[in-house]
Amino acid sequence: MVIISILISLFIFELVTRYKNWEQIQKGNLSVALATGGKIFGIANIFRFSIEHNDSLWEAIQWGAFGFFLLLIAYFVFEFMTPKFNVDKEIEKDNRAVGLLSLLISVGTSFVIGASIT
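Computed from a prediction, not measured in an experiment: that's the story for all the values here.

Some words on a nonpolar patch on the surface
Together, Phe-66, Phe-69, Ile-73, Val-77, Phe-80 and Met-81 make up a nonpolar patch on the protein surface, roughly 640 Å² of accessible area in all. Within the fold, Met-81 resides in the loop between α4 (57-80) and α5 (87-92). Judged by its relative accessible area of 57%, Met-81 falls in the exposed class.

So this is what it looks like as C-alpha cells:
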C-alpha cells in the first residue's frame, strides 16, 4: 500500500513541478534526481513514522496522506521563500546546489512531520 501511495505522491509532485521529473532524470539531470530522491525518501519516511505509530492500516494511510500534504506545503514554502530565483527553473537547469537543498528540505521536513505523528 505504501508503494502505491509513493507512486501517487510522485504523480502529484510531477503535476506541481514545471519540469518532467523522469525525462530530466533520463537526460542525466542530477539536480532533478536529488530533488525527486528527496521527495521519495521524505514520503517513505513519513509513512514509516505513520506505520510505526498507528495500529491499523487505514490510520497509517490517513496520517501518511496528511504528512504528504504537509510535505507538499513545504515545497511551496521553499519556492515562496526564494524570491530571487525560481526553484523549479534552477533545478531544471541542473543547479545542483538548489537540487541538494530541495533534497535536504524534503528529508528534514519529513522527520519533523513524522515526529509529530502520534
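There's plenty left to go through after this.
Concerning unusual backbone geometry
Even without being a glycine, Asp-94 presents a positive backbone phi close to 65°. Residue class for Asp-94 comes out partly exposed when judged on its relative accessible area of 23%.

So, empty space enclosed by the protein
Taken as a whole and judged by the stated rule, the model has one cavity of 30 Å³ or more. Residue lining of the largest cavity: Phe-13, Lys-39, Leu-71, Ala-74, Tyr-75, Phe-78, Ser-102, Ile-105 and Ser-106, and that is the complete set. Those elements giving two or more residues to the lining of the largest cavity turn out to be α4 and α6 (96-116). The element that contributes the greatest number of residues to the lining of the largest cavity is α4, accounting for four residues.

Things to note about the packing of aromatic side chains
For the coordinates displayed, the defined rule picks out six aromatic pairs. Where Phe-13 meets Phe-68, the ring centres are 5.4 Å apart and the plane angle is 85°; that geometry is what we call edge-to-face. Here Phe-13, found in helix α1 (residues 2-16), pairs with Phe-68, found in helix α4; they are 55 residues apart in sequence, far enough to count as distant. Of the two residues, Phe-13 and Phe-68, neither departs from the other in class, the shared state being buried.

Here we look at the packing of α1 against α4
For the pair α1 and α4, the least separation of the axes is 12 Å and the interaxial angle reads 25°. Taken together, the axes of α1 and α4 lie roughly parallel to each other. The interaxial crossing formed by α1 with α4 has right-handed handedness. Counted together, Ser-9, Ile-12, Phe-13 and Val-16 of α1 and Phe-68, Leu-72, Tyr-75 and Phe-76 of α4 form the full contact between these two elements. Partitioning the contact of α1 with α4 into residue classes produces seven nonpolar, one polar and no charged.

Side note on α4
The end-to-end C-alpha separation of α4 is 34 Å, in line with the 34 Å expected for 24 residues at 1.5 Å each. Along α4, the positions that sit buried rather than exposed are Ala-60, Ile-61, Gly-64, Gly-67, Phe-68, Leu-71, Leu-72, Ala-74, Tyr-75 and Phe-78. Looking at the buried side of α4, the elements it contacts are α1, α3 (30-53), α5 and α6.

Here's the deal with the nonpolar core
Formed by 13 residues in total, the largest nonpolar core has its most connected members in Phe-13, Ile-43, Ile-46, Phe-68 and Leu-71. Mapped by element, the contributors of at least two residues to this core are α1, α3 and α4. One finds Tyr-19, Ala-35, Ile-91 and Val-98 within the second-largest nonpolar core, a separate group that totals seven residues.

What counts, and at which threshold
Residue numbering note: each chain is counted from 1, following its sequence as written. Only residues with pLDDT of at least 70 are given local features in this predicted model, and only at 80 or more are side-chain atom pairs given and counted; all residues enter the totals for whole chains, interfaces and linings. Only heavy atoms go into the side-chain values, all of them from the structure, while hydrogens and water stay out. For patch detection, residues must exceed 30% relative accessible area and be free of salt bridges, and they are connected within 9 Å for like charges or within 5 Å for nonpolar side chains (Val, Leu, Ile, Met, Phe, Trp, Tyr). Using a 1.4 Å probe, the Shrake-Rupley method yields the accessible areas, and only the shown protein chains count as cover for residues. By salt bridge we mean one thing: a side-chain nitrogen of Lys or Arg within 4 Å of a carboxyl oxygen of Asp or Glu. Helix and strand assignments follow DSSP, with helices taken as H or I runs no shorter than four residues and strands as E runs no shorter than two, numbered in order from the N terminus. To sort residues, take the accessible area from a 1.4 Å probe on protein chains only and compare it with the maximum for the residue type: under 20% means buried, over 50% means exposed, and anything in between is partly exposed. The distinction between a cavity and a pocket rests on a 1 Å grid over the protein atoms alone: a 1.4 Å probe fits inside a cavity but cannot get out, while a pocket stays open yet meets protein on both sides within 12 Å along at least five of seven lines, and a residue with an atom within 4 Å of a point counts as lining. Grid points are joined across faces, edges and corners, and a volume is the space filled by probe spheres set on the points. When the centres of two rings from Phe, Tyr and Trp lie within 6.5 Å, Trp using its six-membered ring, the rings pair. Their planes under 30 degrees apart give stacked, over 60 give edge-to-face, and anything left gives tilted. The angle between two axes is taken between their N-to-C directions and runs from 0 to 180 degrees, where each axis is a line fitted to C-alpha atoms and a helix contributes only its stretch in contact. What sets the label is the angle itself: under 35 degrees gives roughly parallel, over 145 gives roughly antiparallel, 65 to 115 gives roughly perpendicular, and the rest give oblique. In this scheme, a crossing is called left-handed if the near helix is turned counterclockwise away from the far one by less than a right angle; it is called right-handed if the turn is clockwise. Residue contacts follow a heavy-atom distance rule, with two residues in contact if any of their heavy atoms lie within 4.5 Å. Asp, Glu, Lys and Arg are counted as charged, while Ala, Val, Leu, Ile, Met, Phe, Trp, Tyr, Cys and Pro are counted as nonpolar; the rest, among them Gly, fall into the polar class. For a helix, the expected span equals 1.5 Å multiplied by the residue count minus one. For this analysis, a nonpolar core means a set of buried residues of the types Ala, Val, Leu, Ile, Met, Phe, Trp, Tyr and Cys, connected via side-chain atoms within 4.5 Å.

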